[in-house]
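Survey of secondary and tertiary structure
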2 protein chains.
Amino acid sequence: MKTVKDGEVRKREILIAARGLFVNKGYDQTSVNDILNIVNIAKGTFYYYFASKEEVLEAIILDIVEEGARKAEKIIKNKDIPLVNRIMMAIMAQAPEFEGADEIKDELHKVENAKLEQLYLKTMLRRMTPILQEPVLEGIERGIFQMDYPTECIESILLLGHMMFDCNVCEWNIEEYPRKIQAFLSNTERMLGAKDGELKVFLQMFGQMR
Amino acid sequence: MKTVKDGEVRKREILIAARGLFVNKGYDQTSVNDILNIVNIAKGTFYYYFASKEEVLEAIILDIVEEGARKAEKIIKNKDIPLVNRIMMAIMAQAPEFEGADEIKDELHKVENAKLEQLYLKTMLRRMTPILQEPVLEGIERGIFQMDYPTECIESILLLGHMMFDCNVCEWNIEEYPRKIQAFLSNTERMLGAKDGELKVFLQMFGQMR
């Protein structure tokens, strides 16, 4: 008897196989047939779960957001880490770490995939804002931050971080990069109403991300 | 004898006709033939200037950026207007005013046109940042603003303004709108290092933009 769980497992198998192919062969060069060959299923089974190859990539993007969000939640819960560090680490955790993550992101950043890039940003914003809400409110309460619009401040920091460092709208060259990161940290500090220099400790961490 | 100017005039005729059609019939519903019928040229002539209908839309987008930039330059030069007002008015001048501008922008904001939306943002950022540089530096010199990264501050304000109010990543409902504008002005103030409340006067102006 086919159970709901079987369906979920099958779906996951397709996603894992597709991820591997997109990373190794490239999205454009991967056909639905390539995916079928690896998962060893009939075409009809594939189309039962996904309407198209693009829908598979969409599902992978939602997975990337979810992975980032779960890492962020875990970091936020770890009260051994100072508050400001937790917030910045949770934001940085949005850079996916699984094997081939960079390749999937490169795929996203291609001009042809602007639609999927928007989907990523929209989903990430919706998923991450509530996660960061709690520590930011704690920071306000403890007098570390000072702001009137916490939700919008988080949205703005996430948007700016993405637009400046994680999409193809701004393409800095290697020499511009350190200054752009310093400026981003300075603007983040100001929006949070934190002490001047409070985020300087993250300069190095951000540098390591690239 | 065909002169360069003839070519430019012809190109402009195509752009004006296409703009009218995109606005009235919609981009998807407009064919290259529709454009030919209005400008009264042969298909070959059209394809001499543009490779596709999409390239026409791209050219219209560059025109929109250029129109906004020229308006901004004019405002910045008008020293009768107080400095802070000039800067905010120049940013707001990016909302195009020509007839049908909203329809063209709606076209841009459709998910299918994410690629063109990115083109708009990239071009706008490159064109507008140097225009705003001069008045921002003047503001720093006069002690109205205080910041270490003027270029990046301008980039961030332009990016945030676009992402929060002028694309389809953030879709606020009508009740959320006033708060989002207040938050944007507050974040802009903080990034510029301006006095708290310095930009409050723009709340109403922004409100009228929608």
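Analysis parameters
Residues numbered from 1 in each chain as written. Chains lettered and ligands numbered in written order. Predicted model: local features only at pLDDT ≥ 70, side-chain atom pairs only at ≥ 80, totals over all residues. Heavy atoms only, no water. Phe/Tyr/Trp six-rings, centres within 6.5 Å; stacked < 30°, edge-to-face > 60°. Lys NZ or Arg CZ within 6 Å of the ring centre and 35° of its normal. Contact = heavy atoms within 4.5 Å. Buried area = accessible area lost by both parts, 1.4 Å probe. Salt bridge = Lys/Arg side-chain N within 4 Å of Asp/Glu carboxyl O. Polar contact = N/O pair within 3.5 Å; in protein donor to acceptor, adjacent residues only side chain to side chain. Helix = DSSP H or I, 4+ residues; strand = E, 2+ residues; numbered from the N terminus. Axes fitted to C-alpha atoms, helices over the stretch in contact; angles between N-to-C directions. Left-handed = near helix turned anticlockwise from the far one by under 90°. Nonpolar A, V, L, I, M, F, W, Y, C, P; charged D, E, K, R; others polar. Parallel < 35°, antiparallel > 145°, perpendicular 65-115°, else oblique. Core = buried A, V, L, I, M, F, W, Y, C linked by side-chain atoms within 4.5 Å. Buried < 20%, exposed > 50% of the residue type's maximum accessible area, 1.4 Å probe, protein only. UniProt positions renumbered as here; feature names shortened; annotations may be inferred. Least-squares fit on C-alpha atoms with pLDDT ≥ 70 in both. Expected span 1.5 Å × (residues − 1). Bend = angle between axes of the 7 residues up to and from the residue.

What follows covers the packing of aromatic side chains. Scanning the entire structure with this criterion turns up 12 aromatic pairs over all chains. In textbook terms, an aromatic cluster arises when at least three aromatic residues are bridged by ring pairs, as seen for F46, Y47 and F50 of chain A. Sitting over the ring of Y27 of chain A, K53 of chain A keeps its end group 4.3 Å from the ring centre. If you follow K180 of chain B out to its NZ or CZ, it ends over the ring of W172 of chain B, 4.1 Å from the centre.

Much of the literature gives interface size as the accessible area that the parts lose upon coming together. At the interface, 37 residues of chain A touch 37 residues of chain B. Both sides together, the interface formed by chain A and chain B hides about 3300 Å², and carbon and sulfur atoms give 57% of it. At the surface where chain A touches chain B, the tally comes to 8 salt bridges. Among the salt bridges present, the one from K180 of chain B reaches E152 of chain A, with a minimum N-O distance of 2.9 Å. Across the chain A-chain B interface, the total number found is 21 residue pairs in polar contact (both at pLDDT 80 or more). Going through the elements one at a time, helix 7 (114-141), helix 8 (150-165) and helix 9 (177-192) of chain A are the ones with two or more residues in the side of chain A that touches chain B.

This part takes up the packing of helix 8 of chain A against helix 9 (residues 177-192) of chain B. Where helix 8 of chain A meets helix 9 of chain B, the axes come as close as 10 Å, and the angle between the chain directions of the two elements is 65 degrees. Read as a crossing pair, helix 8 of chain A and helix 9 of chain B show a hand that is right-handed. When helix 8 of chain A is examined against helix 9 of chain B, the residues P150, E152, C153, E155, S156 and L160 of chain A are found in contact with a partner set consisting of R179, K180, A183, N187 and M191 of chain B. In terms of residue class, the contact of helix 8 of chain A with helix 9 of chain B is built from 5 nonpolar, 2 polar and 4 charged.

Residues and elements named next belong to chain B. At a closest axis distance of 10 Å, the pairing of helix 4 (residues 53-77) and helix 7 (residues 114-141) adopts a crossing angle of 20 degrees. Taken together, the axis directions place helix 4 and helix 7 in an arrangement best described as roughly parallel. The element helix 4 and its partner helix 7 pack so that their crossing is right-handed. Where helix 4 abuts helix 7, its residues E54, L57, E58, I61, L62, I64, V65, E66, A69, A72, E73 and I76 lie against K115, L116, L119, Y120, T123, M124, R127, M128, I131, L132 and P135. When its residues are assigned to classes, the contact of helix 4 with helix 7 shows 16 nonpolar, 1 polar and 6 charged.

Moving on, we come to the nonpolar core. The tendency in soluble globular proteins is for nonpolar side chains to be buried as a group. Ranked by internal contacts, the top residues of the largest apolar core, which has 135 residues, are F46, L132, F145 and L159 of chain A together with F46, L132 and L159 of chain B. The residues touching L159 of chain A, leaving out its near neighbours within four places in the chain, are L121 and L125 of chain A together with L160, M163, M164, V169 and C170 of chain B.

The feature "DNA-binding region" (unreviewed entry), as given by UniProt, occupies residues 31-50 of chain A in the numbering adopted here. Helix makes up 75% of residues 31-50 of chain A and strand makes up 0%, while its end C-alpha atoms are separated by 13 Å.

A word on the relation of the copies chain A and chain B. Of the two same-sequence chains, chain A is brought onto chain B (RMSD 0.0 Å, axial shift 0.0 Å) by a rotation of 180 degrees. One copy is carried onto the other by what is essentially a two-fold rotation axis. When C-alpha distances to the rotation axis are compared across chain A, the minimum falls at A114 of chain A, with a value of 2.6 Å. Most of the interface of chain A is mirrored in chain B, where 100% of its interface residues again form contacts.

Right, let's talk about helix 7 of chain A for a bit. Residue and element names in this part refer to chain A. Helix length check: helix 7, at 28 residues, gives a terminal C-alpha distance of 39 Å against a target of 40 Å (1.5 Å per residue), a fit within 8%. Roughly 35 degrees is the biggest bend found in helix 7, and it falls at Q133, with proline P135 one to four residues downstream. One or two residues past the end of helix 7 sits G143, with phi positive at roughly 75 degrees.

With the rule as written, the count across this model stands at 28 salt bridges over all chains. The residue K180 of chain B makes a salt bridge to E155 of chain A at a minimum N-O spacing of 3.1 Å. A residue pair is termed interchain when its members come from two chains, as with K180 of chain B in helix 9 and E155 of chain A in helix 8. The exposure classification of K180 of chain B matches that of E155 of chain A, with both residues buried. E152 of chain B is the salt-bridge partner of R179 of chain A, the closest N and O atoms lying 3.0 Å from each other. Of the two residues, R179 of chain A sits in helix 9 while E152 of chain B sits in helix 8 (residues 150-165), which places them in two different chains. Judged by its relative accessible area of 2%, E152 of chain B is buried.

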